[in-house]
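So the chains spell out like this:
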Amino acid sequence: MAGSGGSCLFSGFRILGLYCNHVPHVLRYHRKHREFYIVTSVGKCLHTYNVNRLGIVAVSNSLQDDITCLAADRMLTFAAAGSLVYAFAKNKEVVMCYRGHKHEVRLLLPFGDQLISADGSGLVIVWDVHCGDVYVELNFDPATFDMSAMMHPSTYLNKVLLGSSQGALQLWNLKTSKLLYTFAGWSAGVTVLQQSPAVDVVGVGTATGRIVIHNIRLDETLMSFMQDWGPITSLAFRTDGPPTLAAGSPQGHVALWDLERQQLAAQLRHAHKTAVNASFLHNEPLLITSAGDNAIKVWILDQEGGGARLLRNRQGHSAPPTTICHYGNDGKNILSAGQDGTLQSFSTVHERFHKNLGHGSISKKKEQKKKKGLSYEELRLPAITAFSCATARQSDWDGIVACHRGRLATTTWNYQRCTMGAHHFRPPESGSNAVAAAVDITSCGNFAIVGSSCGRVDIYNLQSGFHRGCYGDEHKAHIGAVRGVATDGLNQRTFTTASDCLLKFWRFKTRKQEDQIKLSAAPSTMKLHRDSGMLAVALDDFTLLIVDVETKRVVRKFAGHHGNTNDMTFSPDGRWLITAGMDCTIRTWDLPSGSLVDCFLISMTPVGVSMSPTGDFLATSHVDSLGICLWTNKSLCGPVGLRPLPADYQPEAETLPGGGALEAEQEVIEEEEEGPDDAYSSAEQLGAELVTLSQLPESRWKHLLCLDTIKRRNKAVTPPVSGASAPFFLPTVPGLTPRFSLPQDETQSKVLSCSLPSQRSKFSSALEAGLDAGSFAVPMELLKSFGPSAVSVELAGLSPEGGGASSLFLAFIRMIDSMLASGRDFDLAHAYLSLFLKLHLRSLAQDAVAMEALVGLSSRLEAGWADLRASFNQSLCLLTYAKSALL
């Protein structure tokens, strides 16, 4: 969750589509759950996934800096951020912070009850994990031994093996802080050190692509392999079957080496797009890979010859998304087009509903690809710059149309099949330098409107893919490049705007121009709310125009952004217009009042924004961020006071979801723990003219008058039957001689006298004391703590026949009168008074003092009900008018 910020309308919730980055992942095994977990870094946070389903199970608190390396032992997860090292418990909470480095920490290694960390200056510190004390410090000269890898050889007590970028290896005893042995190396920098299943044997990856299997006890190389894909990024040994070594490369390929035959067994080409981090699960044929392309993949080695196939994966955009839009009317899916050229769908419900529609290709038929003789990269289409979607006919034909960077032809996509469609829309007689710039699909899902940079606006049939015509004379709707196209909900009008500063209105069927509006500046983007008929146009002079498409007039004009508007969206009811600008602000404009009601500043420039059709979430995409941020709408959870903001309003910064500062959260927690008295507490009585209920369960007071009926209803139908005589043992006195113990006092009677004043209940005594003191707080609290049966017994004992006195009648009436005068516990006062009158009405009629008090109490009751009846009637009248009047 994001921390508090400058928005009164939106609050950061979570990030979608962000799984990992270039930092190598770590594996953990939970003994109680008997399950493996993957821990990855996503900037300043840790994400934990289970291997069985790759579902996220935990998100850690955010750190102040980006995480540079990870490590984990049986209990804790360690992360280095800058010069600090943090220990996470339960993959979420920071329980320890290790301070001592002055440079960025690059390597971490758990070592029993110790933790080894190394920074870029050559300082190695061995920490005590539990108390955070420094155990040992070692200093290395980066010019002669620049540490690049670190591992603990199995069965080597207190030993650690260090690798350097110069190629040499050193074996150290940390207990004595002595150098035991130096390995000459292989004339190449060491990038990876990995323990093999065999004792004394380690795998060494070098910067030249060479893999060395070395016996460190004998200082003897057992075997060596060579990869042509650059430096070795990771090594992993299989432990459940055939001896296999997996090696990662910077190009995204993974090589599987057969150690028994000492040859290459299989390759995983294009497993990732960047450097691969690989690791095997212990005693399982599963290979886990992750990379900086925001993908986690699980491979199973069950192919003939030692090959592997993809078992499951979680993959987001490998480049920042540029365009986002909610798909469907339920608001549960978000379509996103990224700079990596892929079109993906992210679910706000669960990650298993994510979809990857893939990467567009020039030709979908494999035969044409082979005839053209193009490579895999040349067949790929560029990134999507704009797209439009409709769900009306998604089961019949394609429902998504997309424009690509630098291309005139637009492509169709099918959401249900998760593939690119069969049609490529290209207008006839078009210029070679024209580019498709804007697209929209009609609400019926039958037609697509495409605007290009040469001024053309064409219409296509989505079912057949045929060109159905174009708008304007001489096949041009505008002189300049088209910036936006839209159609209304009934397919009556089409709206287009272009760089010629014109907003044109067209008849959809005849494609004839109806009217046009001259704009004060060139438009940058356009958005139509079909239900309300409001058209929003963002201009290059940083202003916003709201056009009523029925009257063809500008009804609102907003100014406030200090940069171009990248994207905008309407709320479902059309009341708000939410815009994202280059000035790193997200602003909410209220159309009925024509004012700015919410504005907040964020650290990364927003490039895309989309409001859920249900109004519960706002989705945003940002520059240099691979995920999609979700913001909750506070107005759906409670009352939000929206007020017009002044023209010179300075927005406050809002923290992105998942990017809150850890120290700030700790300070808030400490403040709450140290100063609980500063917390707001509601008053016992808001006003003298109001009444306050007791907030007790209804079962405590609602059925006080029906206790006799409840007892008769719950009475057993058949009399109780005594059970069989059970054997018992007489009590004996301890000692060598067995003797039976006698009762202590058999002559004392167990029947108590009701006439003794000492036998009065605690409530009766407190009530009598309250009458003398004039305060009935104590007896009232006692009565509220009793159950219905106990309340009935206490009130029955107020009479002289029940052990009370006539003075207690007056005290009880005064207590009820004080409750009604204060306005508190209104429900309890009436319930207790009803039961009191039911039990003692005849006795009260014979007591003149009590009757006089009851007459005064009756007048207070009538006055109180008269005020409440007037308030009820006024509220009901206002509610009836609001429901029936034509507003």
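This structure is a prediction, so every number in the text was calculated from the model and none was measured.

Take the overall build of the chain next. On a plain count of helices and strands, the chain comes out with nine helices and 58 strands. The buried share of the chain, reckoned over its 887 residues, is 48%. Across the chain, contacts joining residues at least 24 apart in sequence account for 45% of those joining residues at least 6 apart.

Turning our attention to the nonpolar core. Leu767, Leu798, Phe812, Met815, Ile816 and Tyr832 are the most contacted members of the largest nonpolar core, which totals 34 residues. Residue assignment for this core shows that the elements contributing at least two residues are helix H4 (762-773), helix H5 (777-785), helix H6 (788-796), helix H7 (806-822), helix H8 (826-845) and helix H9 (848-884). No other element matches H7, which puts 10 residues into this core. Excluding residues within four positions of it along the chain, Leu767 makes contact with Phe776, Pro779, Leu798, Leu808, Ala811, Phe812 and Met815. In this structure, Ile116, Val126, Phe145 and Leu162 belong to the second largest nonpolar core, which totals 17 residues.

Moving on, we get to the packing of H7 against H9. Running from amino to carboxyl end, H7 crosses H9 at an angle of 15°, the nearest separation of the two axes being 10 Å. Regarding the angle of H7 to H9, the classification is roughly parallel. Crossing handedness for the pair H7 and H9: left-handed. Counting all contacts with H7, which are made through Phe809, Leu810, Ile813, Ile816, Asp817, Leu820 and Ala821, the residues of H9 involved are Val849, Ala850, Ala853, Leu854, Leu857, Arg860 and Leu861. Tallied by class, the residues present in the contact of H7 with H9 amount to 12 nonpolar, no polar and two charged.

Moving on, we get to H6. The α-helix winds at 3.6 residues per turn, so residues separated by three or four positions along the chain end up facing the same way. Taken residue by residue, H6 has Val791, Ser792, Glu794 and Leu795 as its buried positions. End-on, the buried residues of H6 take up no more than an arc of 165°, which puts them together on one face.

This part covers the packing of aromatic side chains. For any pair of aromatic rings, the description consists of the separation of the ring centres together with the inter-plane angle of the planes. Within the structure shown, the criterion is met by 18 aromatic pairs. Centroid distance Tyr98 to Trp127: 5.5 Å. Interplanar angle 50°. Geometry classified as tilted. Here the residue Tyr98 occupies a position in strand E9 (residues 93-99), and Trp127 occupies one in strand E12 (residues 123-128), the gap between them amounting to 29 residues. Trp127 matches Tyr98 in its accessibility class, with the two residues each being buried. Within the aromatic cluster, the residues linked to one another by ring pairs are Phe140, Phe145 and Trp172. Here the basic side chain of Lys552 rests over the ring of Phe505, its NZ or CZ set 5.9 Å away from the ring centre.

Judged by pairing direction, the sheet is antiparallel, and its four strands sit side by side in the order E26-E27-E28-E29 without closing on themselves. Pairing within the sheet leaves two strands with one partner each, and these edge strands are strand E26 (276-280) and strand E29 (309-315). Shown here is a sheet whose adjacent strand axes are inclined to one another by a mean of 20°, direction ignored.

The next point concerns the side chain of Ser621. Tracing the backbone through its elements, the reader meets Ser621 in strand E55 (residues 617-622). If we skip the residues at most four places from it in the chain, Ser621 touches Pro321, Thr322, Ile324, Thr605, Pro606, Val607 and Gly608.

This part takes up the pattern of salt bridges. Side chains that differ in sign of charge can pair as their charged atoms come close. Summed over the entire model, instances satisfying the criterion amount to 16 salt bridges. Of the charged contacts, one joins Arg238 and Asp240 as a salt bridge, the two residues approaching to 2.6 Å between their closest N and O atoms. A residue is classified by how much of its surface remains accessible, and Arg238, at 12% relative accessible area, is buried. Close ionic contact of Arg309 with Asp302 constitutes a salt bridge, the shortest N to O distance being 2.9 Å. We classify Arg309 as partly exposed; its relative accessible area is 35%.

Relative orientation of the contacting elements H6 and H8 amounts to 50°, with a least axis distance of 10 Å. When the axes of H6 and H8 are compared, the pair comes out oblique. Seen along the crossing, H6 lies across H8 with a hand that is right-handed. Of the residues in H8, those touching H6 at Val791, Ser792, Leu795 and Ala796 are Tyr832, Leu835, Phe836, Leu839 and His840.

The principal kink in H8, of about 65°, is found at Leu839. Of the positions making up H8, those classed as buried are Phe826, Asp827, Leu828, Ala829, Ala831, Tyr832, Leu833, Leu835, Phe836, His840 and Leu844. Lining the buried residues of H8 we find H5, H6, H7 and H9.

For the rest of this paragraph, the subject is the sheet that holds E9. One open sheet holds the four strands; their spatial order is E6-E7-E8-E9, and the pairing between them is antiparallel. Where the open sheet ends on each side, the last strands, each with one partner, are strand E6 (67-72) and E9. Put simply, the sheet's adjacent strands are angled 25° from each other on average, direction ignored. Here six bridges tie strand E8 (residues 84-89) to E9, and the two strands are oriented antiparallel to one another. From the neighbouring strand, Phe88 faces E9, where its bridge partner is Val94.

What follows deals with the environment of Ile232. For Ile232, the position within the fold is in the loop between strand E21 (220-226) and strand E22 (234-237). Ile232 sits in the buried class, given a relative accessible area of 2%. A C-alpha to C-alpha distance of 7.6 Å links Ile232 and Ile211, two positions 21 residues apart in sequence.

Attention shifts here to the side chain of Thr442. Mapped onto the elements of the fold, Thr442 is located in the loop between strand E38 (436-441) and strand E39 (447-452). What makes Thr442 buried here is its relative accessible area of 0%. Other than its neighbours up to four places away in sequence, Thr442 contacts Ala390, Phe447, Thr487, Asn491, Phe508 and Arg530.

A few words now on unusual backbone geometry. For Asp200, which is not glycine, the phi dihedral falls at a positive 75°. Positionally, Asp200 belongs in the loop between strand E18 (190-195) and strand E19 (201-206). Judged by its relative accessible area of 16%, Asp200 falls in the buried class. Look at Asp219: it is not a glycine, yet its phi comes out positive at around 55°. With respect to the helices, strands and loops of the structure, Asp219 is situated in the loop between strand E20 (210-215) and E21.

Let us now look at the pairing of strand E13 (residues 134-139). The sheet contact formed by E12 and E13 spans five bridges and is antiparallel. In the sheet register, Leu123 faces E13, and the bridge partner there is Asn139. Adjacent in sequence and paired antiparallel, E12 and E13 are bridged by five residues, among which Gly132 carries a positive phi angle near 80°.

Another point: the pairing of strand E42 (residues 482-487). With five of six residues buried, E42 is to be regarded as a mostly interior element. Where E42 and strand E43 (residues 493-498) come together, five bridges link them in antiparallel fashion. The partner of Gly484 across the bridge, within E43, is Thr497. The hairpin turn running from E42 into E43, its antiparallel successor, is five residues long, and Asn491 in that turn takes a positive phi close to 55°.

Turning our attention to the confidence of the model for the chain. Taken residue by residue, the chain gives an average pLDDT of 87. The fraction at 70 or more is 89%. In the predicted structure, residues 659-679 sits below a pLDDT of 50 and forms 15 contacts with residues beyond four places in sequence or in another chain.

For the structure shown, the criterion picks out zero disulfides. Here Cys389 is not cross-linked by a disulfide; its sulfur's nearest cysteine counterpart is in Cys325, at 4.0 Å. Classification of Cys389 as buried rests on a relative accessible area of 19%.

Along the chain, Asp590 falls in strand E52 (residues 585-590). Sequence-wise, Asp590 and Ile578 are 12 residues apart; in three dimensions their C-alpha atoms are separated by 9.0 Å. Discounting chain neighbours no more than four positions away, the residues touching Asp590 are Phe558, Arg575, Trp576, Ser595 and Val597. At a separation of 2.6 Å, a polar atom in the side chain of Asp590 contacts the side chain of Ser593.

Thresholds, definitions, all that
By convention here, each chain's residues receive numbers from 1 onward along its written sequence. With the structure being a predicted model, the display of local features is reserved for residues of pLDDT at least 70 and the display and counting of side-chain atom pairs for 80 or more, all residues being used for whole-chain, interface and lining totals. Hydrogens are left out, water is left out, and the side-chain values use all remaining heavy atoms of the structure. A run of DSSP states H or I qualifies as a helix once it reaches four residues; a run of E qualifies as a strand once it reaches two. Both are numbered from the N-terminal end. Residue exposure (1.4 Å probe, protein chains only): buried if accessible area is under 20% of the type maximum, exposed if over 50%, otherwise partly exposed. Residue contacts follow a heavy-atom distance rule, with two residues in contact if any of their heavy atoms lie within 4.5 Å. Working definition of a nonpolar core: buried Ala, Val, Leu, Ile, Met, Phe, Trp, Tyr and Cys residues. They are joined through side-chain atoms within 4.5 Å. Geometry is summarised by axes, namely lines fitted to C-alpha atoms with helices restricted to the contacting stretch, and by angles between N-to-C directions that run from 0 to 180 degrees. What sets the label is the angle itself: under 35 degrees gives roughly parallel, over 145 gives roughly antiparallel, 65 to 115 gives roughly perpendicular, and the rest give oblique. Helix crossings fall into two classes, left-handed where the near helix is turned counterclockwise from the far one by less than a right angle and right-handed where it is turned clockwise. Three classes are used: nonpolar for Ala, Val, Leu, Ile, Met, Phe, Trp, Tyr, Cys and Pro, charged for Asp, Glu, Lys and Arg, and polar for all others, with Gly counted as polar. The arc in question is traced by the directions running from the helix axis to the C-beta atoms. Stacked, edge-to-face and tilted are the three classes for Phe, Tyr and Trp ring pairs, Trp counted by its six-membered ring, which pair at centre distances within 6.5 Å; planes under 30 degrees apart are stacked, over 60 edge-to-face, the rest tilted. Both a distance and an angle decide whether a charge sits over a ring: NZ of Lys or CZ of Arg must be within 6 Å of the ring centre and within 35 degrees of the ring normal. A pair of strands is labelled paired if DSSP reports no fewer than 2 bridges between them. Only one rule defines a salt bridge in this text: a Lys or Arg side-chain nitrogen within 4 Å of an Asp or Glu carboxyl oxygen. In this scheme, the bend at a residue equals the angle between the axes fitted to the seven residues that finish there and the seven that begin there. One confidence number per residue, pLDDT, is output by the predictor and ranges from 0 to 100. When two cysteine sulfur atoms are found within 2.5 Å, that pair is recorded as a disulfide. Pairs of N or O atoms within 3.5 Å make up the polar contacts considered here, provided that, within protein, one atom can donate a hydrogen while the other can accept it, and that residues adjacent in sequence are counted only when both atoms are side-chain atoms.

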